[in-house]
Amino acid sequence: MQNQDVPYRLLQKSNCTSTFYLKDCITGLKENVKEKSADVVVTSPPYNIGTGYSSYKDELPREKYLAWIEEVGIAIKQALKDDGSFFLNIGDKPKDPWIAWDVAYVLRKYFVLQNIIHWVKSIAINKAQVGNYPNISGDIAVGHFKPIVSKRFLNDCHEYIFHFTKYGDVHLDKLAVGVSYQDKTNIERWKAANKEDRRDRGNIWFIPYQTIQSRSKQRPHPATFPVKLPDMCIRLHGSAKLVIDPFIGIGSTAVAAMRLGISFVGFEIDKEYLDAAIDRITQV
Ligand SMILES: C[S@@+](CC[C@H](N)C(=O)[O-])C[C@H]1O[C@@H](n2cnc3c(N)ncnc32)[C@H](O)[C@@H]1O
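Everything numeric in this text was worked out from a predicted model, so none of it was measured.

Thresholds applied
- Residues numbered from 1 in each chain as written.
- Predicted model: local features only at pLDDT ≥ 70, side-chain atom pairs only at ≥ 80, totals over all residues.
- Heavy atoms only, no water.
- Salt bridge = Lys/Arg side-chain N within 4 Å of Asp/Glu carboxyl O.
- Helix = DSSP H or I, 4+ residues; strand = E, 2+ residues; numbered from the N terminus.
- Buried < 20%, exposed > 50% of the residue type's maximum accessible area, 1.4 Å probe, protein only.
- Expected span 1.5 Å × (residues − 1).
- Contact = heavy atoms within 4.5 Å.
- Pairing = 2+ DSSP bridges.
- Right-handed = clockwise from strand over helix to strand, strands pointing away.
- 1 Å grid on protein atoms, 1.4 Å probe; cavity = no way out; pocket = protein on both sides within 12 Å on 5 of 7 lines; lining within 4 Å.
- Points joined across faces, edges and corners; volume = space filled by probe spheres on them.
- Nonpolar A, V, L, I, M, F, W, Y, C, P; charged D, E, K, R; others polar.
- Axes fitted to C-alpha atoms, helices over the stretch in contact; angles between N-to-C directions.
- Parallel < 35°, antiparallel > 145°, perpendicular 65-115°, else oblique.
- Left-handed = near helix turned anticlockwise from the far one by under 90°.
- Core = buried A, V, L, I, M, F, W, Y, C linked by side-chain atoms within 4.5 Å.

Enquirer: Help me understand the pattern of salt bridges in this model?
Expert: When the charged atoms of two side chains with opposite charge come close together, those side chains can pair. Enumeration according to the criterion identifies 14 salt bridges in this entry. Across the pair Asp 96 and Arg 62 runs a salt bridge, and its minimum N-O distance is 2.6 Å. Residue Asp 96 is located in the loop between β4 (80–90) and α3 (99–107), and its partner Arg 62 is located in helix α2 (residues 62–79); the two are separated by 34 residues in the primary sequence. Judged by its relative accessible area of 18%, Asp 96 is buried. Residue class for Arg 62 comes out partly exposed when judged on its relative accessible area of 24%.

Enquirer: Before we go on, may I ask you to explain α2 in this structure?
Expert: Every α-helix winds through 3.6 residues per turn, so residues three or four apart in the chain are directed the same way. With 18 residues, α2 extends 26 Å from end C-alpha to end C-alpha; this agrees with the ideal 26 Å at 1.5 Å per step. Looking at α2, one finds that the buried residues are Tyr 65, Leu 66, Trp 68, Ile 69, Glu 70, Val 72, Gly 73, Ala 75, Ile 76 and Ala 79. Where the residues of α2 are buried, they touch α1 (25–32), β3 (38–43), β4, α3 and β10 (242–245).

Enquirer: I tried to follow the pairing of β10 on my own but got confused; where do I start?
Expert: Every regular strand shows the same layout, with side chains that alternate between the two sheet faces. Across the two faces of β10 the burial is the same, with Leu 242 and Ile 244 and Val 243 and Asp 245 all buried. Looking at chain direction, β3 and β10 are connected through 2 bridges and run parallel. Bridging from a neighbouring strand, Val 41 pairs with Ile 244 of β10. As paired elements, β10 and strand β11 (residues 263–268) share 4 bridges and run parallel to each other. In the strand pairing of β11, Ile 244 is matched with Val 265. For the segment spanning β10, helix α8 (residues 252–259) and β11, crossover handedness is right-handed.

Enquirer: I keep staring at empty space enclosed by the protein and nothing clicks. Help me out?
Expert: Leftover empty space is mapped by rolling, across the atoms, a probe with the size of a water molecule. Here the structure, examined in full by the defined rule, presents 1 cavity of 30 Å³ or more. When its volume is computed, the largest cavity comes out at roughly 40 Å³. Contributing to the lining of the largest cavity are Pro 45, Ile 69, Val 72, Gly 73, Ile 76, Phe 86, Leu 88, Leu 107 and Phe 247. At the level of secondary structure, the elements contributing two or more residues to the lining of the largest cavity comprise α2 and β4. The element that contributes the greatest number of residues to the lining of the largest cavity is α2, accounting for 4 residues. Split into classes, the residues belonging to the lining of the largest cavity amount to 8 nonpolar, 1 polar and no charged.

Enquirer: Would you take a moment to explain the packing of α2 against α3 for this structure?
Expert: The interhelical angle for the contact between α2 and α3, taken along N-to-C directions, is 45°, at an axis separation of 9 Å. One way to sum up the angle between α2 and α3 is to call them oblique. Read as a crossing pair, α2 and α3 show a hand that is right-handed. Facing α2, whose interface residues are Arg 62, Tyr 65, Leu 66, Ile 69, Glu 70 and Gly 73, α3 presents Ile 99, Asp 102, Val 103, Val 106 and Leu 107. Tallied by class, residues from the contact of α2 with α3 come to 7 nonpolar, 1 polar and 3 charged.

Enquirer: Mind showing me how you'd approach the nonpolar core here?
Expert: If you look at the biggest cluster of nonpolar residues, it comprises 41 residues, and the most contacted ones within it are Phe 86, Ile 90 and Ile 244. With 8 residues, the single largest contributor to this core is α2. Residues contacting Ile 90, with those up to four places away along its chain left out, are Pro 45, Tyr 47, Tyr 65, Ile 99, Ala 100, Val 103, Glu 159, Tyr 160 and Phe 162. Counting residues in hydrophobic clusters, the runner-up holds 35 residues, among them Leu 11, Val 227, Cys 233 and Ile 234.

Spelled out as structure tokens, the structure:
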């Protein structure tokens, strides 16, 4: 039986250390993370929508689930620096669209909701509606689209990334995830452009999943986010020494942090997922 007080695995690369615990995150955040030490927390908890995880049962009564999320939020707040950022990715299901908001409402007691980012997984753009954009030559429908059979519900093409902070005043490095101007005359026209061809991206982030051939081999987990998602959150926050993910899954946040040269601490209760996460990060 693994001793949960010691890391399951510790990986060192240049100046950064990635620490993986096979452990419940509430206990882990309290026992293994120094108070006010994390610059950024990026995570995605179970959504309580019956996802088929290997160990975790994703079907608690709503009150119990929200009480548990509250405990997680308290533990995250304790670990987060006063000027840190906590990015919480959460979605829902068409029959129960309030889950994400119920979770946000619980966390409202402990954090300020500084930004709401919409993670768009799939989008359709009609050429006729955008007018004369040189880069758009026809109708576009891009991203990951899994059709649902329903006469009531639209396909759910997005999830939330709630950006929580302690006081709502964290300065962000918006241009680190910025985009270039379509109309270059705006660079001169807008003072805020600072003569740079880069502007704030806004809060709609199109991040598709990478196409894979075999789910069991390449994505052995039913609910991951693309590495690009934590990567953008971390870079938006700006300079960071420590990133935490309380729900590691197969390690997307760990991979992003390692690629950016930032130390990482994370927790996962499922050994199979944790092994897959460690496999992934050893390849970075
Ligand atoms: C939505 S997934 C996270 C996926 C991850 N973002 C990725 O891209 O791989 C949630 C994960 O939380 C894990 N989990 C559930 N309860 C936990 C707990 N109390 N402590 C730590 N991990 C837990 C589940 O096993 C699952 O892998």
